[in-house]
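Survey of secondary and tertiary structure
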Amino acid sequence: MRRDLKNGLPVYGSWIQTGSAVAAEVLANAGFRWIAVDMEHTETSLESFTNIVRAMERYGTFPMVRASENNVIEIRRYLDCGAKGIIVPMVRSAQDAQNAVAACKYPPEGVRGFAFVRANDWGERFDDYVKRANDETIVIVMIETKDAVENIDEILSVEGVDGVFIGPYDLSGSYGIPGQTAHKQVKDAMQTVLAACKRHNKAAGQHIVTPTTENVAEAISAGFTFLALGMDTVFLSEGAKSALYMTE
Ligand code: 3PY
Ligand code: MG
């Protein structure tokens, strides 16, 4: 997965807000390459997160997590419980990006702690896991504020950042127009980030929270390769509303 991201291949995923392993099974079975569990804006516990990872593993889906913040211990626990990719919210500067990479990597590249954990089969695969983890763990920084857009070149120059993920809602909020994700200011900021990703040869991603034929095609043709399409709550809501609509 990390190699595909580096090579600019498209990797399409989705998003879980319900904290439900059932939702993970349904989305994994639908064929998404990766799924991120949202720990920033939900009630999901570490235990639920780990059960969701167990569900994804059954399908060979790449387990990712959006951390609640750029925090060494929190990120360590996700990796130890089985996350293979970390999406770090609110990265605003090169220093933030360096901290995110350090949290995800074992020394000497980073500050991750060693232990017998679920990710290495409780110690049974300790040596093999430690050998591979730094190379295989994906670090994605979220660009979702005006200052992050202004600092994008420095952020993308940080060794170990595999790509960016634009949060359109926070980005719109940061420009004082919350929710207006199609506003010219937000679109221009996204273009700036996309162009920087191309210059630095890093994967450009964004969350298309409410996917449509048009906005997905637009993102793909613009060159975004790391797309999160929808999320469990949105799929449930859209499906429920359209079923009710059929009765009218
Ligand atoms: C945002 O739009 O701010 C997000 O974080 C989406 O995941
Ligand atoms: Mg956000």
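A few points on the structure.

Definitions and cut-offs
- Residues numbered from 1 in each chain as written.
- Chains lettered and ligands numbered in written order.
- Predicted model: local features only at pLDDT ≥ 70, side-chain atom pairs only at ≥ 80, totals over all residues.
- Heavy atoms only, no water.
- Patch = residues over 30% accessible without salt bridge, like charges linked within 9 Å, V, L, I, M, F, W, Y side chains within 5 Å.
- Areas by Shrake-Rupley, 256 points an atom, 1.4 Å probe, with all protein chains shown as cover.
- Salt bridge = Lys/Arg side-chain N within 4 Å of Asp/Glu carboxyl O.
- Helix = DSSP H or I, 4+ residues; strand = E, 2+ residues; numbered from the N terminus.
- Near = heavy atom within 4 Å.
- Polar contact = N/O pair within 3.5 Å; in protein donor to acceptor, adjacent residues only side chain to side chain.
- Nonpolar A, V, L, I, M, F, W, Y, C, P; charged D, E, K, R; others polar.
- Donors = N, O, S within 2.8 Å, 3.2 Å for Na, K, Ca; no water.
- Disulfide = S-S within 2.5 Å.
- Buried < 20%, exposed > 50% of the residue type's maximum accessible area, 1.4 Å probe, protein only.
- Core = buried A, V, L, I, M, F, W, Y, C linked by side-chain atoms within 4.5 Å.
- Contact = heavy atoms within 4.5 Å.
- Right-handed = clockwise from strand over helix to strand, strands pointing away.
- Pairing = 2+ DSSP bridges.
- Phe/Tyr/Trp six-rings, centres within 6.5 Å; stacked < 30°, edge-to-face > 60°.

1. As for a nonpolar patch on the surface
There is a patch of nonpolar side chains on the surface, built from V72, I73 and V111 and spanning about 230 Å² of accessible area. Inspection of the secondary structure puts V111 in the loop between helix 5 (94-104) and helix 6 (126-136).

2. Structural notes on the site of ligand 1
As a structural note, the neighbourhood of ligand 1 is formed by W15, R66, M142, E144, G167, P168, Y169, D170 and H207. Measuring from an oxygen atom of ligand 1, one finds a side-chain N or O atom of E144 at 3.0 Å. In this structure, H207 approaches ligand 1 through a side-chain N or O atom, which is 2.9 Å from an oxygen atom. When isolated, ligand 1 has an accessible area of 240 Å², and the protein chains bury 93% of it. Looking at which element gives the most residues to the shell around ligand 1, the answer is helix 9 (residues 168-174), with three residues. For the shell around ligand 1, the class distribution of residues is four nonpolar, two polar and three charged.

3. Description of the coordination of the magnesium ion (ligand 2)
Within the protein, E144 (OE) and D170 (OD) serve as the donor atoms for the magnesium ion (ligand 2), at 2.1 Å. In this pair, E144 sits in the loop between strand 5 (138-143) and helix 7 (146-150) while D170 sits in helix 9, placing the two residues 26 residues apart along the sequence.

4. A few points about the state of the cysteines
What the rule picks out here adds up to zero disulfides. In this model C81 remains outside any disulfide bridge; the closest cysteine sulfur is found in C104, 14 Å from its own. The closest cysteine sulfur to the non-disulfide-bonded C197 is located on C104, 17 Å from its own sulfur. Residue classification places C197 among the buried positions, given a relative accessible area of 1%.

5. Overview of the nonpolar core
One recurring pattern in soluble globular proteins is that nonpolar side chains are buried together. The biggest cluster of nonpolar side chains holds 57 residues, and the ones touching the most others in it are F49, I86 and I143. A per-element tally of this core places helix 10 (residues 184-200) first, with seven residues. Dropping the residues within four chain positions of it, F49 is found in contact with V37, M39, T44, M64, V65, Y78, C81 and A83. Core analysis: the next-biggest nonpolar cluster, separate from the first, contains 19 residues, M1, A36, F226 and V234 among them.

6. Observations concerning the side chain of D80
With respect to the helices and strands, the residue D80 is situated in helix 4 (residues 72-81). On the accessibility criterion, D80 (12% relative accessible area) is buried. Apart from the residues lying within four places of it in its own chain, the contact partners of D80 are R112, V117, R118 and A119.

7. A closer look at the pattern of salt bridges
In the structure shown here, the tally under the stated rule is 17 salt bridges. One salt bridge in this structure joins R66 and E40, with 3.1 Å as the shortest N-O distance. Note that R66 is positioned in strand 3 (residues 62-66) and E40 in the loop between strand 2 (34-38) and helix 3 (46-59), a separation of 26 residues in sequence. The exposure class assigned to R66 is buried, which follows from its relative accessible area of 7%. The closest approach of N and O atoms between R199 and D153, which form a salt bridge, is 3.1 Å. Of this pair, R199 sits in helix 10 while D153 sits in helix 8 (residues 152-156), and the two are 46 residues apart along the sequence. Owing to a relative accessible area of 30%, D153 belongs among the partly exposed residues under this scheme. One salt-bridge network, held together by shared partners, links R2, K6, D135 and D162.

8. Regarding the pairing of strand 4 (residues 85-88)
Side-chain alternation along strand 4 places G85 and I87 on one buried face and I86 and V88 on a second face that is also buried. Once the chain exits strand 3 it traverses helix 4 before rejoining the sheet at strand 4, and the crossover so formed is right-handed. Across four bridges, the pairing between strand 4 and strand 5 is parallel. If you follow I86 over to strand 5, its bridge partner there is V139.

9. Digging into the packing of aromatic side chains
The tally for this structure, following the rule as stated, stands at 10 aromatic pairs. Ring centres of W15 and F165 lie 5.4 Å apart, and the angle between their planes is 15 degrees; on these two criteria the pair is classed as stacked. Here W15 is found in strand 1 (residues 11-16), whereas its partner F165 is found in strand 6 (residues 163-166), with 150 residues between them in sequence. On the accessibility criterion, F165 (0% relative accessible area) is buried. Ring pairs connect the aromatic residues Y106, F114, F116, F126 and Y129, which therefore count as one cluster.

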